[in-house]
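For reference, the chains in residue letters:
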Amino acid sequence: MSAHQLIIIGSGPAGYTAAIYAARDQLNPIVFAGEPSGGQLMLTTKVENFPGFDQGILGPKLMQIMRQQAVRFGTEIINKNVTRVDFTSHPFRVFVGAAEYMGEAVIIATGAEANLLGIPGESELMGRGVSTCAVCDAPFYKDKVTFVVGGGDTAMEEANALLKFTRSVTLVHRRDKFRAAKILQQRFIDGHSDKVSVLWNTELVKITGAQKVESISVKNNKTGEEKQLPSDGVFIAIGHKPSTEIFVDQLELDAQKYIITRLGLSQKGLTLANAHLDENKLIKFPTMTSVAGIFAAGDAVDFRYRQAVTAAGFGCMAALDAQKWLETKQV
Ligand code: NAP
């Protein structure tokens, strides 16, 4: 079996952008797009912050266009989930069930998933009043009544993003204390007491609406009291989970299982054992992981920005790094 020059695992903005760059560079990439394919944008409706679409574009449509663009330059796409990888020898091995593929280099762009509550109405109304990204969707909630579930840094940032637009933001938190950094809490709550309130010790139990969110049901977990509240939007901010299970014993991951790249470490003033500096004291191959020849991009690496455009940018970087590395295979 001959090895592919480049295997890309994942088909969100990072994976497809990597494929566009690699295919145009004649690396003949093969993308394992997964099932379902397309990543988190497949769960959204209108995307207004991806440059190039002045009137906005539906998330699934944007992914379809990116996919077509990758295919146009010769990318092969397989709509299957990779089930196992072996990066301990070169060429690298990637498995889909019993089928085995080999790659000279691999880009991982498997993304992350927002954690969900699993309550009635949540999945049904996703993209129609339920969202996991206020930075993306806040402008759709001008003068609306909104709720944010969670008490971590993300919840504070989501609430902050909504404040500029909405009539009100209510945080729904299951405990009586936030987990978020004090500074984020203060910025959000103390500075905006007119618009912001908190439901402590409270759990969201149901989201209701016909075509879009109309109300929510919450329960105080100390008193057992339940009530229904009118709502236009519910933002679920209870953490994310990177899709990196199959890499756990193959690559260095951080405590939350995000993939560690040289760029990530250099921002902390550290380097991976395989990270070399070039003559200008720059990290070579910023998107390379702990294994030389394996690169990573997008939300599987980046818990900070989590935007389609930043994922696409990382995908581009990974493809350029992979292309350069394939020329010499030196780290
Ligand atoms: P997080 O810190 O894990 O917080 C998750 C929040 O959701 C917690 O308040 C948790 O409640 C709540 N929660 C979890 N499961 C729940 C459930 N089933 N029902 C109700 N509530 C639930 O996650 P995050 O806020 O996404 O942050 C992830 C990481 O990114 C953190 O390390 C964070 O510091 C970092 N981050 C940093 C920044 C920044 O520096 N500006 C911004 C965003 C994220 P409990 O508190 O009761 O556990």
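Calculation rules
Residues numbered from 1 in each chain as written. Predicted model: local features only at pLDDT ≥ 70, side-chain atom pairs only at ≥ 80, totals over all residues. Heavy atoms only, no water. Helix = DSSP H or I, 4+ residues; strand = E, 2+ residues; numbered from the N terminus. Polar contact = N/O pair within 3.5 Å; in protein donor to acceptor, adjacent residues only side chain to side chain. 1 Å grid on protein atoms, 1.4 Å probe; cavity = no way out; pocket = protein on both sides within 12 Å on 5 of 7 lines; lining within 4 Å. Points joined across faces, edges and corners; volume = space filled by probe spheres on them. Near = heavy atom within 4 Å. Areas by Shrake-Rupley, 256 points an atom, 1.4 Å probe, with all protein chains shown as cover. Nonpolar A, V, L, I, M, F, W, Y, C, P; charged D, E, K, R; others polar. Pairing = 2+ DSSP bridges. Disulfide = S-S within 2.5 Å. Buried < 20%, exposed > 50% of the residue type's maximum accessible area, 1.4 Å probe, protein only. Phe/Tyr/Trp six-rings, centres within 6.5 Å; stacked < 30°, edge-to-face > 60°. Lys NZ or Arg CZ within 6 Å of the ring centre and 35° of its normal. Right-handed = clockwise from strand over helix to strand, strands pointing away. Expected span 1.5 Å × (residues − 1). Contact = heavy atoms within 4.5 Å. Core = buried A, V, L, I, M, F, W, Y, C linked by side-chain atoms within 4.5 Å. Patch = residues over 30% accessible without salt bridge, like charges linked within 9 Å, V, L, I, M, F, W, Y side chains within 5 Å. Salt bridge = Lys/Arg side-chain N within 4 Å of Asp/Glu carboxyl O. Lys, Arg positive; Asp, Glu negative; His and termini not counted. Charge placed at Lys NZ, Arg CZ, Asp CG, Glu CD.

**Topic: the side chain of S131**
Residue position: S131 is located in strand β10 (residues 130-131). In this structure the side chain of S131 is engaged in a polar contact, spanning 2.7 Å, whose partner is the side chain of D137.

**Considerations on the layout of surface pockets**
Empty space within the second largest pocket amounts to approximately 460 Å³. Taken together, 21 residues make up the lining of the second largest pocket; nearest its centre are G264, Q267, V301, D302 and F303. Sort the elements by how many residues they give to the lining of the second largest pocket and helix α6 (residues 262-267) lands first, with 4 residues.

**Some details on the site of the ligand**
The ligand sits among 17 residues. The nearest are D153, T154, E157, R175 and R179. R179 places a polar side-chain atom, nitrogen or oxygen, 2.6 Å from an oxygen atom of the ligand. For the ligand, the accessible surface in isolation is 910 Å², of which the surrounding protein chains cover 71%. The biggest single contributor to the shell around the ligand is helix α4 (residues 153-163), with 3 residues. For the shell around the ligand, a count of residues per class yields 5 nonpolar, 6 polar and 6 charged.

**Here's the deal with the sheet that holds β10**
Judged by pairing direction, the sheet is parallel, and its 5 strands sit side by side in the order β10-β17-β11-β12-β13 without closing on themselves. This sheet does not close on itself; its edge strands, each paired only once, are β10 and β13 (196-199). Direction of pairing for strand β11 (residues 145-149) relative to strand β17 (residues 233-236): parallel, over a ladder of 4 bridges. Bridging from a neighbouring strand, T146 pairs with G233 of β17.

**Here we look at the state of the cysteines**
Counted under the stated rule, the structure contains 1 disulfide. Here C133 is linked by a disulfide to C136, with a sulfur-sulfur distance of 2.0 Å. In this structure the cystine formed by C133 and C136 twists about its S-S bond by roughly 75°; its chirality is therefore right-handed. Taking the relative accessible area as the measure of exposure, C133 reaches 15% and is therefore buried.

**What about the packing of aromatic side chains?**
The final tally for this structure, using the stated rule, is 9 aromatic pairs. Ring geometry for F50 versus F53: centroids 6.4 Å apart, planes at 45°, classification tilted. Relative accessible area serves as the criterion here: at 14%, F50 is assigned to the buried category. An aromatic cluster of at least three residues, connected via ring pairs, comprises F87, F92 and F247. Taking NZ or CZ as reference, R84 lies 3.9 Å from the ring centre of F95, over its face. Note that R304 overlies the ring of Y305, its terminal NZ or CZ placed 5.7 Å from the centroid.

**Some thoughts on the pairing of strand β12 (residues 168-172)**
Most of β12 is tucked away: 5 of the 5 residues are buried. A two-sided burial pattern is seen for β12, the buried positions comprising S168, T170 and V172 on one face and V169 and L171 on the other. With 5 bridges joining them, β11 and β12 adopt parallel strand pairing. Along β12, the bridge assignment pairs V148 with L171. At this point the chain moves from β11, through α4, to the parallel β12, and the crossover so formed is right-handed. Summarising the sheet, β12 and β13 pair through 4 bridges and their orientation is parallel. Bridge assignment links V169 to a residue of β13, and that residue is V196. Taking the sense of rotation as the criterion, the β-α-β connection linking β12, helix α5 (residues 182-188) and β13 turns out right-handed.

**Examining helix α7 (residues 308-328)**
For α7, which comprises 21 residues, the first-to-last C-alpha distance of 31 Å matches the rise-based estimate of 30 Å (1.5 Å per residue) to within 8%. The complete set of buried residues in α7 reads A308, A311, A312, F314, G315, C316, A318, A319, D321, A322, W325 and L326. Considering only its buried residues, α7 is in contact with β1 (4-9), α1 (13-24), β8 (99-108), α6 and β19 (294-296). K329 sits one or two residues past α7 and shows a positive phi near 55°.

**Describing the nonpolar core**
Judged by nonpolar contacts, the single largest core of 36 residues is most densely connected at L6, I8, F50, I107, F295 and W325. No other element matches the 9 residues that α7 contributes to this core. In this structure, I7, F32, V106 and I108 belong to the second largest nonpolar core, which totals 22 residues.

**Topic: a positive patch on the surface**
Among the surface-exposed residues, R174, R175, K177, R179 and K182 lie close enough to one another that they form a single positively charged patch. In this fold, R174 is placed in the loop between β12 and α5.

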